Amino acid sequence: IYAKTILGANYSPCYDSYAPLSVTKQGIYRYIRHPIYTSNIMNLIGVACFTGSYIFAANALILGFYYWRSARREEAALTRLFPEYGVYQQQAGMFFPKWN
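Residues numbered from 1 in each chain as written. Predicted model: local features only at pLDDT ≥ 70, side-chain atom pairs only at ≥ 80, totals over all residues. Heavy atoms only, no water.

## So, the packing of aromatic side chains
To keep things clear, this is the line we draw: In summary, the pairing rule links any two rings of Phe, Tyr or Trp, Trp by its six-membered ring, whose centres are within 6.5 Å, and it sorts them by plane angle into stacked for under 30 degrees, edge-to-face for over 60 and tilted for everything else. The way it works is that DSSP assigns letters per residue, a run of H or I at least four long becomes a helix, a run of E at least two long becomes a strand, and they are numbered from the N terminus.
Using the criterion set out here, one finds four aromatic pairs in the structure. For the ring pair F65 and W68, a centre distance of 5.9 Å and an interplane angle of 35° mean the geometry is tilted. Here W68 and F65 lie together in helix α3 (residues 54-81), a separation of three residues that amounts to about one turn. Aromatic ring contacts, followed pair by pair, group Y37, Y66 and Y67 into a single cluster.

The structure is reproduced here in structure tokens:
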């Protein structure tokens, strides 16, 4: 919810995607480029650990790959739209903070 709030008008659910107006770099986005994906993956891993279910673990792996692939596609589009996005990629981690 925090990450979505920070995005404001730049938020686009996956079923209704459109180009953002700008690159969001405030709040958690200073450290992580895809915090919503990160929270979804962490929730899936948590459920898999809590339930001990191999089905949930497999689901976490499959969706983790899906989120990674989606993030790569989003970043390719953002790099075309915003030339400064490459600098942002060097400053913030994709799913976890960079420790420079």
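Moving on, there is more to tell.
## Brief notes about the pattern of salt bridges
Rule in force here: A side-chain nitrogen of Lys or Arg and a carboxyl oxygen of Asp or Glu constitute a salt bridge if their distance falls within 4 Å. When accessible area is computed with a 1.4 Å probe and restricted to protein chains, residues below 20% of their type maximum are described as buried, those above 50% as exposed, and intermediate ones as partly exposed.
Counted according to the given criterion, the structure contains one salt bridge. Residue R33 is joined to E75 by a salt bridge in which the shortest nitrogen-to-oxygen separation is 2.5 Å. Of this pair, R33 sits in the loop between α1 (2-7) and α2 (35-51) while E75 sits in helix α3, and the two are 42 residues apart along the sequence. The pair R33 / E75 is uniform in exposure class, with both members buried.

## Examining the environment of F96
As a reminder of what qualifies: Residue contacts follow a heavy-atom distance rule, with two residues in contact if any of their heavy atoms lie within 4.5 Å.
On the secondary structure map, F96 appears in the segment after α4 (85-91). Relative accessible area serves as the criterion here: at 54%, F96 is assigned to the exposed category. F96 sits 58 residues away from T38 along the chain, and the two C-alpha atoms are 7.5 Å apart. With residues up to four places along the chain from it excluded, the contact list for F96 reads Y31, I32 and T38.

## So, the nonpolar core
Rules: By convention a nonpolar core is built from buried Ala, Val, Leu, Ile, Met, Phe, Trp, Tyr and Cys residues, the set being connected through side-chain atoms within 4.5 Å.
One finds A3, L7, V23, Y29, L78, F82, Y85, Y88 and A92 forming the largest nonpolar core, which totals nine residues. Mapped onto this core, the elements with two or more residues apiece are α1 and α4. Those residues in contact with Y88, other than ones at most four positions away along the chain, are V23, T24, K25, Y29, I32 and R33. Judged by nonpolar contacts, the second largest core, of six residues, contains Y37, A71, M94 and F95.

## Brief notes about the confidence of the model for the chain
Note the threshold: On a scale of 0 to 100, pLDDT captures the predictor's confidence in every residue.
For the chain, per-residue confidence averages 87 on the pLDDT scale, and residues scoring 70 or more make up 92% of the total. The spread of mean pLDDT over the elements of the chain runs between α1, the lowest at 76, and α4, the highest at 94.

## A short note on the packing of α2 against α3
To keep things clear, this is the line we draw: Axis lines are fitted through C-alpha atoms, for helices just across the contact stretch, and the angle between N-to-C directions can take any value from 0 to 180 degrees. These descriptions rest on fixed angle ranges, namely under 35 degrees for roughly parallel, over 145 for roughly antiparallel, 65 to 115 for roughly perpendicular, and the rest for oblique. Gly is put with the polar residues, along with every residue not named as nonpolar or charged; the nonpolar set is Ala, Val, Leu, Ile, Met, Phe, Trp, Tyr, Cys and Pro, and the charged set is Asp, Glu, Lys and Arg.
Axis separation between α2 and α3 bottoms out at 9 Å; the angle between their running directions is 170°. With respect to each other, α2 and α3 are oriented roughly antiparallel. Between α2 and α3, the residues in contact are Y37, N40, I41, L44, I45, V47, A48 and T51 and F56, A57, N59, A60, L63, G64, Y67, S70, A71 and E74, respectively. A class-by-class count of the residues in the contact of α2 with α3 yields 12 nonpolar, five polar and one charged.

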